[in-house]
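# A look at the structure
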Amino acid sequence: LVTLAIGMPFSALALVGQSALQGMEKILYLAWTTFITRAASLAVLVVMLMQGMGVESAFISRVLFQAASAALFTWIVLRNAPPHEESGRPHIDFARTLPFAVNRMVTESTTRAPLLLLPILFTLAQIGIFDAADRIRLTLGIMVSVATTSIMPSLARSFANESGDRHSLVAYSSKYVCLALSGADAANYSVNSIA
């Protein structure tokens, strides 16, 4: 619990840095940084396990990944920060953020609820099968997220510049995102059916 508590600020900072880098169109840097820090954290995990550490090594490895990612994201964001402009008093528009907060709460609830309910209703063997299927589902979901993230900057820039082909871009983007989602949903249904 202490390790998780220490990692929460790093996780939040990493998510903010990830969003900033997406807006700055530093997708390649984002992908490579995430890959390198994750590989390094896995290497540290293997070393800790070989030294005889228990399950806490997995949480420590996760915190190291989040902290390293947050540090590298913050460094590149501050290094390429735009010139300071007076934009008025900073504030949070709660009316505009409320739908996103509700969506996040529902998403987290649907993700966390099975983890809380399964130990009450099923055996450990069934929980293990569900966990394996859920990890495959999460991997497929990440693939869709990567595809969506890669086209968002181009889509936003086209509309900001009012380019002539922006309607074609929306049509093609919507089509291919829907195809990717359909494939992921079909695979997800198959995995859950097997489980």
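Look above for the structure.
Residues numbered from 1 in each chain as written. Predicted model: local features only at pLDDT ≥ 70, side-chain atom pairs only at ≥ 80, totals over all residues. Heavy atoms only, no water.

Taken as a whole and assessed by the stated rule, the structure comprises one aromatic pair. With 5.9 Å between their ring centres and 85° between their planes, Trp32 and Phe35 make a pair best called edge-to-face. Of this pair, Trp32 and Phe35 both sit in helix H2 (residues 27-50), three residues apart, which is roughly one turn of the helix. With relative accessibility at 51%, the residue Trp32 sits in the exposed group. A relative accessible area of 52% means that Phe35 is categorised as exposed. For Arg38, the ring lying beneath its charged end belongs to Phe65, and the centroid distance is 4.2 Å. (Phe/Tyr/Trp six-rings, centres within 6.5 Å; stacked < 30°, edge-to-face > 60°. Helix = DSSP H or I, 4+ residues; strand = E, 2+ residues; numbered from the N terminus. Buried < 20%, exposed > 50% of the residue type's maximum accessible area, 1.4 Å probe, protein only. Lys NZ or Arg CZ within 6 Å of the ring centre and 35° of its normal.)

This next bit is on the nonpolar core. With six residues, the main nonpolar core is built from Ala14, Leu21, Leu30, Ala70, Phe73 and Ile76. Put simply, the parts of the chain that give this core at least two residues each are helix H1 (2-23) and helix H3 (56-79). Looking at this core, the element that brings in the most residues is H3, giving three residues. Here Phe73 is in contact with Ala14, Gly17, Gln18, Leu21, Tyr29, Leu30, Thr33 and Thr34, once residues within four sequence places are set aside. (Core = buried A, V, L, I, M, F, W, Y, C linked by side-chain atoms within 4.5 Å. Contact = heavy atoms within 4.5 Å.)

Before going further, it helps to examine the side chain of Ser61. The residue Ser61 is located in helix H3 in this model. Taking the relative accessible area as the measure of exposure, Ser61 reaches 4% and is therefore buried. Sequence-distant contacts of Ser61, defined by excluding residues within four places in its chain, comprise Ser41, Leu42, Leu45 and Met48.

The contact between H1 and H2 brings their axes to 8 Å, and the two run at 145°. Contacts between H1 and H2 involve Gln18, Leu21 and Gln22 from the former and Ile27, Tyr29 and Leu30 from the latter. Classifying every residue of the contact of H1 with H2 by side-chain character gives four nonpolar, two polar and no charged. (Axes fitted to C-alpha atoms, helices over the stretch in contact; angles between N-to-C directions. Nonpolar A, V, L, I, M, F, W, Y, C, P; charged D, E, K, R; others polar.)

What follows deals with the side chain of Ser57. Among the secondary structure elements, Ser57 is positioned in helix H3. We classify Ser57 as buried; its relative accessible area is 1%. Among residues more than four places away in sequence, those in contact with Ser57 are Leu45, Met48 and Leu49.

Attention now moves to the packing of H1 against H3. Following both chains from N to C, one finds H1 and H3 inclined at 35°, their axes separated by 8 Å at the closest point. In this structure, the crossing between H1 and H3 has a hand that is left-handed. Contacts between H1 and H3 involve Thr3, Leu4, Ile6, Gly7, Phe10, Ser11, Leu13, Ala14, Gly17, Gln18, Ala20 and Leu21 on the former and, on the latter, Phe59, Ile60, Val63, Gln66, Ala67, Ser69, Ala70, Phe73, Thr74, Ile76 and Val77. (Left-handed = near helix turned anticlockwise from the far one by under 90°.)

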